[in-house]
Amino acid sequence: MTRATPPPLQPIGPRSYDSETPNASRMYDYYLGGAMNFTADRELAERAKTVLPCTPSLARLNRSWLRRVVDICLDAGINQFLDLGSGIPTVGNVHEIVQRRVPDGRVVYVDYDATAVTHARKILEDNENAGIVHGDIRDPDGVLHAPEVRALLDFERPTGLLMVGILLYVGPEYDPAGLVATYRDACAPGSLVPISVITTQLVADQDPVTHKQILDLIGVYHDASEQIHPWAPDDLRSWFTGMDMLDPGITVLPEWRPDGALEADNDSAARLLGIGGMGRVRGADTPDPSDL
Ligand SMILES: C[S@@+](CC[C@H](N)C(=O)[O-])C[C@H]1O[C@@H](n2cnc3c(N)ncnc32)[C@H](O)[C@@H]1O
């Protein structure tokens, strides 16, 4: 049974280890086929899959989009990344994508989940160009002044500021537009900012069955430690103030510069649920982003 009302607001700050309460990080890991999850996570993830069978497909489409946008940042010459809400390390981690092409490329992950942080610390042990902050992205000051960020990133140079699959967990009471603006202002002109979220708006118009399913999924997450907040394409668009949008603007994830991967998922009901867009932080000298 889902709770009748959402749980109370959680305080801002890192989460300590809790295997009893299902959380977004470990459920996402389960959808992607990872092993860093517990019985409580698996049970709730299975309930999520019962109400919205394409949930794993939605996770894979988002993960594939993450890979594509990191590649575009690298194509633009960006070699340092701040990955907000990075999740449990799994196949295709940002530091792997980056350092395969730029061996000394720098990556700082941020997640408030203890499982994600412990696992990331372990795999990054010998990687002097990557680190993780155990912090809450709703505390930008804490994140931007974290020792790992200060040691590895130089905000005088363009940064890949990744907000992929994270702002769906940040409700309006935490002002996602204001958070994006604060992180944007910390980054040099020319920085690239990809953001993806979940929307219910497109299925409301085009696919009533999936619309009912995604609303049920949001209800299932009332029993997790994070709540899902869907956003309309216009909300997402409004977060890119002070940036120029890269083509094709805001679209569903499989239509944003597709590269042929995940063709089966591209046709799933999930295709209308994830949307994303990428902006370039504007400065006096930044050219029109049509070069990207
Ligand atoms: C769905 S995963 C996304 C992982 C990765 N960015 C991707 O797109 O594949 C979202 C992650 O955000 C983390 N998260 C949610 N709210 C957060 C917050 N306020 N601060 C830091 N991390 C948060 C969760 O713990 C989870 O690991």
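One can find the structure itself at the top, above this paragraph.
Values in this document were obtained by computation on a predicted structure and should not be read as measured data.

**Considering the overall build of the protein**
Looking only at helices and strands, the protein features twelve helices and eight strands. Computed over C-alpha atoms, the radius of gyration of the protein comes to 18 Å, within 12% of the 19 Å expected from 2.2 N^0.38 for 292 residues, which places it in the range of a compact globule. Projecting the C-alpha coordinates of the protein onto the three principal axes gives extents of approximately 55 × 40 × 35 Å. A buried classification covers 56% of the 292 residues belonging to the protein. In the protein, the proportion of contacts linking residues at least 24 apart, taken out of those at least 6 apart, comes to 75%. Accessible surface computed for the protein: about 12400 Å², of which carbon and sulfur atoms make up 52%. Between the centroid of the 25 positive side chains of the protein and the centroid of its 42 negative side chains there is a distance of 2 Å.

**Some words on the site of the ligand**
Among the 19 residues in the neighbourhood of the ligand, the closest are listed as Tyr28, Arg63, Gly85, Asp111 and Val164. Protein chains shield 99% of the accessible area of the ligand, which is 600 Å² for the free molecule. For the shell around the ligand, the secondary-structure elements that each account for two or more residues are helix 1 (24-31) and helix 3 (55-75). With three residues, the single largest contributor to the shell around the ligand is helix 3.

**Overview of the side chain of Asn127**
Within the element layout of this structure, Asn127 appears in the loop between helix 5 (114-124) and strand 3 (130-134). Polar contacts involving the side chain of Asn127 include one to the side chain of Gln99, which spans 2.8 Å. Ignoring sequence-local partners within four residues, the contact set of Asn127 consists of His95 and Gln99.

**Thoughts on the pairing of strand 1 (residues 80-84)**
Of all the five residues making up strand 1, five are buried; the element is thus mostly covered by neighbouring parts of the structure. Taking every second residue as pointing to the same face, both faces of strand 1 are buried, with Gln80, Leu82 and Leu84 on one and Phe81 and Asp83 on the other. Looking at chain direction, strand 1 and strand 2 (residues 106-111) are connected through five bridges and run parallel. Looking at the pairing, Phe81 lines up with Val107 of strand 2.

**As for the packing of aromatic side chains**
Scanning the entire structure with this criterion turns up three aromatic pairs. When the ring of Tyr17 is compared with that of Phe38, the centres are 5.9 Å apart and the planes differ by 90°; the resulting orientation is edge-to-face. Taken as a pair, Tyr17 in the segment before helix 1 and Phe38 in the loop between helix 1 and helix 2 (39-51) lie far apart in primary sequence, 21 residues in all. When its relative accessible area of 53% is taken as the criterion, Tyr17 is described as exposed. Between Trp231 and Trp239, the ring centres sit 5.1 Å apart and the planes meet at 75°, which makes this aromatic pair edge-to-face. Judged by relative accessible area, Trp231 falls into the buried class, the value being 12%. Look at Trp239 and you get buried, because its relative accessible area is 4%. One residue, Arg138, lies across the ring of Tyr174, its end atom 4.5 Å from the ring centre.

Conventions used here
- Sequence positions are assigned chain by chain, starting from 1 and proceeding in written order.
- Owing to the predicted nature of the model, reporting of local features is limited to residues with pLDDT of at least 70; listing and counting of side-chain atom pairs is limited to 80 or more, with chain, interface and lining totals taken over all residues.
- Heavy atoms throughout the structure, all of them, feed into the side-chain values; hydrogens and water do not.
- Here a helix means four or more residues in a row that DSSP labels H or I, a strand means two or more in a row labelled E, and each is numbered from the N terminus.
- Our radius of gyration looks at C-alpha atoms and nothing else; its globule reference is 2.2 Å times the residue count to the power 0.38.
- The buried label applies to any residue whose accessible area, calculated with a 1.4 Å probe on protein chains only, is under 20% of its type's maximum; exposed applies above 50%, and partly exposed to all values in between.
- Contacts between residues were defined by any pair of non-hydrogen atoms, one from each residue, lying within 4.5 Å.
- Areas reported here follow the Shrake-Rupley algorithm with a probe of radius 1.4 Å; residue values treat only the protein chains shown as occluding.
- Positive: Lys, Arg. Negative: Asp, Glu. His and the chain ends are not part of the count.
- Note that the charge is assigned to NZ on lysines, CZ on arginines, CG on aspartates and CD on glutamates.
- In this text, near means that some heavy atom of the residue lies within 4 Å of the molecule or strand in question.
- Polar contacts, as counted here, are pairs of nitrogen or oxygen atoms within 3.5 Å of one another; within protein the pair requires one atom able to donate a hydrogen and one able to accept it, and residues that are adjacent in sequence qualify only if both atoms are side-chain atoms.
- Note on pairing: two strands pair once DSSP finds at least 2 bridges between them.
- Two aromatic rings from Phe, Tyr or Trp, using only the six-membered ring of Trp, form a pair when their centres are within 6.5 Å; if the ring planes differ by under 30 degrees the pair is stacked, by over 60 it is edge-to-face, and anything between is tilted.
- The rule is short: NZ of Lys or CZ of Arg within 6 Å of the ring centre and within 35 degrees of the ring normal puts a charge over the ring.

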